[in-house]
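Structural overview
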Amino acid sequence: MNESNQETWSQTMNAAGTGTEGGNVRTGTWVDNVSPAADTWAENGNVPAGTGRINVWQPGPAAGPLAVAPARKADTRETEKLKENYGFFAPAAFLYAVFYVFCMYRNGSGITFPFFAGGGLLFLCCSLPKLGLTLKKGSIFYMTAIVLLGISTFCTDDGRIIGFNKLGIFLLMISLLLKQFFDTSKWKLGKFLGSITVTVFACIGEVGRPFSDGRLYCKNNPGKNKKRVWASVVGLVVAVPLFYVILLLLASADAVFRQIVGRLLENINLGSIIDVAFRIAFIFFASYSLLSYLCGKTLREDVKDRRTGEPITAVTVTGLLTLLYLFFSGIQIGGLFLNKLRLPDGYTYAMYAREGFFQLLTVGFINLAIVLVCMSFFRESRLLKAVLTVMSLCTFVMIASSIMRMIIYVYYYYMTFDRLLALWGLILLSFLFVGIVINIFKEDFPLFRYSVAVVTVLYLMLSFAKPDYLIAKINVSNIARSDYAVWDYTDRKPYSDYAYLSRLSADAAPVLVPFLKEQGYHMEAYRADNPVIYMKELDPDGQDRYSNRRLEGFGYYWMWNVKQGAEDMGIRSFNLSRYIALRELTAAP
């Protein structure tokens with residue numbers, strides 16, 4: 001082969017007929033080539049003369065860039081620590097799952113709930129040093145709030161408050177975890193809410209990590225692992241028979257303990273065993289997967305400045321709305337606050353209050369969203385700041401108007417949980433707008449942390465206030481009692497929604513029990529299997545009197561509801577509110 005016909009590029013070839021040139025894939029075929037002289041070296045093949053034929057690579061057309069496998073992302077320092085300390089994290093997660101089942105199995109609001117909340121915080125505090133982390137400044141507030149919500153759950157029988165408490169604990173715990181693994185000092189509301197959502201769902205992808213980390217740990221620590229497994233087996237062999245013997249001895253020594261153990265054993269069946277095993281597995285994988293995802297630090301810490309919008313657009317929209325709000329606020333100030341309101345024909349104050357409250361509440365939250373959007377997506381402008389400030393001040397007027405309307409409505413139609421919650425929401429909204437006004441003029445104001453603190457403190461106050469107690473206090477005080485000579489409310493009717501009172505929780509016992517005794521209720525009915533049936537059988541001729549819509553009968557329905565909640569209350573399920581109700585109902589008249 002002549003020098004001029006030789007390929008000048010260097011290539012790597014394989015038997016399949018492919019090669020590379022400067023990172024590009026080339027295809028071709030192997031062909032026979034006759035050596036030009038028997039007594040010389042072949043030019044292309046570098047083979048001895050006289051061999052006759054040699055194989056020569058004949059390149060084909062280029063096939064494009066060579067596919068290179070993406071480099072695997074290196075583990076973070078926290079992930080490496082998690083794998084190295086698998087011998088701690090896996091057993092700790094399992095013990096936490098078992099502790100969860102002990103505290104929460106068929107027991108959503110017992111005395112064990114605060115211990116469960118504290119157990120989660122203890123698990124976190126023990127895990128951070130193993131990951132090379134320390135508890136960050138400001139974490140004590142989150143931890144204190146979580147414990148207080150746990151205590152509040154144990155102190156109330158209101159299912160709505162219990163549900164809100166659990167949601168609050170969940171959100172505070174996720175926020176606390178994000179705070180430990182990321183720099184959240186510059187995060188805003190949208191970033192936090194988005195990160196919480198991503199964390200909850202993204203950790204599902206880490207559900208296999210306990211297995212992969214466990215295999216790696218066993219591979220790196222073979223001797224140590226065998227010793228631990230053998231020690232655990234020996235411990236179980238000794239502990240199980242000893243536990244059974246001691247259990248029998250203690251059960252025979254104390255009648256109360258024997259009764260409690262008997263109740264526990266009655267509930268043990270195949271279904272409950274499967275239920276418990278599933279709960280333990282779920283919490284184990286959930287806790288380990290959540291830690292694994294956070295250790296990977298896939299969330300972005302930086303917060304992009306998205307304030308790129310033209311301010312004149314925001315000024316146009318908010319300015320037009322603000323002019324409308326100014327006119328509306330003037331009417332509210334003159335009418336509701338200066339007593340110059342003249343209602344249209346056919347309107348009562350109650351109708352006026354009910355008609356406007358929910359609309360104003362909706363407008364208030366719309367304004368909150370508008371102000372946050374303008375501050376987050378539009379460039380800084382003095383005119384925009386001025387308009388947003390006036391808009392916020394008008395919102396304060398509308399919030400005050402909403403509160404006045406609700407007070408008027410409660411005056412005529414009394415208190416319910418929804419109305420109390422609405423009043424609480426208005427107070428919360430006013431505090432949030434205080435932070436927004438400050439943030440308009442002070443950009444470095446920590447609006448999100450302020451909002452978390454405000455929501456947490458105000459909700460704790462609502463939770464510990466026991467809404468059902470407040471509702472019973474207000475409504476019972478406005479019932480027309482038989483000993484009143486004249487009903488002193490000339491412009492409104494006395495309270496008569498007894499069916500609503502019959503659905504209140506045990507939190508209302510300090511108010512309802514004295515009132516029922518005052519009305520001559522048969523309090524011994526509580527000891528019957530069903531107080532309602534007991535009274536109907538006791539007075540067959542007056543069964544219509546014992547309806548939950550009548551003053552003479554609603555109390556027995558309330559007793560029945562409390563009795564169902566307090567039934568079989570044991571050590572784990574002990575609830576302070578149910579205990580107080582039980583003590584009030586069983587006390588001698």
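Computed from a predicted model, the values in this text were never measured in an experiment. (Residues numbered from 1 in each chain as written. Predicted model: local features only at pLDDT ≥ 70, side-chain atom pairs only at ≥ 80, totals over all residues. Heavy atoms only, no water.)

**Overview of the overall build of the protein chain**
Stated precisely, the cut-off is as follows: Under the scheme used here, helices are H or I runs from DSSP no shorter than 4 residues and strands are E runs no shorter than 2 residues, and both carry numbers assigned from the N terminus. Categorising residues by exposure relies on relative accessible area from a 1.4 Å probe, with only protein chains included: less than 20% of the type maximum marks a residue as buried, more than 50% marks it as exposed, and the intermediate range marks it as partly exposed. We call two residues contacting when some pair of their heavy atoms lies within 4.5 Å. Per-residue accessibility takes into account occlusion by the displayed protein chains alone, with areas from the Shrake-Rupley method and a 1.4 Å probe.
When you go through the protein chain residue by residue, the secondary structure sums to 21 helices and four strands. Counting every position in the protein chain, which comprises 589 residues, the buried fraction comes to 41%. By sequence separation, contacts in the protein chain at least 24 residues apart represent 74% of the contacts at least 6 residues apart. Accessible area of the protein chain: about 33,100 Å², with a carbon and sulfur share of 64%.

**Structural notes on empty space enclosed by the protein**
Unoccupied space between atoms shows up once a probe the size of one water molecule is rolled over them. To keep it simple, the criterion reads: Buriedness of a pocket was judged along seven lines, with at least five required to meet protein on both sides within 12 Å; pockets are open sets of points on a 1 Å grid over the protein atoms alone, cavities are sets where a 1.4 Å probe fits but cannot get out, and lining residues have an atom within 4 Å of a point. Grid points are joined across faces, edges and corners, and a volume is the space filled by probe spheres set on the points. Residue polarity follows a fixed list, in which Ala, Val, Leu, Ile, Met, Phe, Trp, Tyr, Cys and Pro are nonpolar, Asp, Glu, Lys and Arg are charged, and the others, Gly among them, are polar.
The tally for this structure, following the rule as stated, stands at one cavity of 30 Å³ or more. Considered as a void within the structure, the largest cavity measures approximately 40 Å³ in volume. Lining the largest cavity, in full, are Tyr 142, Lys 179, Thr 184, Ser 185, Phe 192 and Arg 449. For the lining of the largest cavity, the residue count by class is two nonpolar, two polar and two charged.

**Notes on unusual backbone geometry**
A positive phi is found at Tyr 414, a non-glycine position, where the angle reads about 70°. Relative to the helices and strands, Tyr 414 resides in the loop between helix 13 (382-413) and helix 14 (417-441). The backbone of Lys 466 sits at a positive phi, close to 55°, despite the residue not being glycine. Tracing the backbone through its elements, the reader meets Lys 466 in the loop between helix 15 (447-465) and helix 16 (467-476).

**Things to note about the nonpolar core**
Rules: Residues belong to one nonpolar core when they are buried, are Ala, Val, Leu, Ile, Met, Phe, Trp, Tyr or Cys, and are joined through side-chain atoms within 4.5 Å.
Leu 178, Leu 504, Phe 554, Trp 558 and Met 559 are the most contacted members of the largest nonpolar core, which has 130 residues in total. Sort the elements by how many residues they give to this core and helix 14 lands first, with twelve residues.

**A few points about helix 3 (residues 112-130)**
Cut-off, in case you're wondering: Here the expected span of a helix is defined as 1.5 Å times the quantity of residues minus one.
Compared with the 27 Å implied by 1.5 Å per residue over 19 residues, the 27 Å span of helix 3 between its first and last C-alpha is a close match. Of all the residues in helix 3, the buried ones are Thr 112, Phe 113, Pro 114, Phe 116, Ala 117, Gly 119, Gly 120, Leu 121, Phe 123, Leu 124, Ser 127 and Leu 128. Tucked inside the fold, the buried residues of helix 3 contact helix 2 (86-104), helix 4 (139-155), helix 5 (159-181) and helix 10 (270-296). Positive phi appears at Gly 132, one or two residues downstream of helix 3, with a value of about 80°.

**Quick word on the side chain of Ser 175**
Among the structural elements, Ser 175 can be located in helix 5. Judged by relative accessible area, which is 7%, Ser 175 ranks as buried. Discounting residues that sit within four places of it in the chain, Ser 175 has contacts with Tyr 142, Phe 192 and Ile 196.

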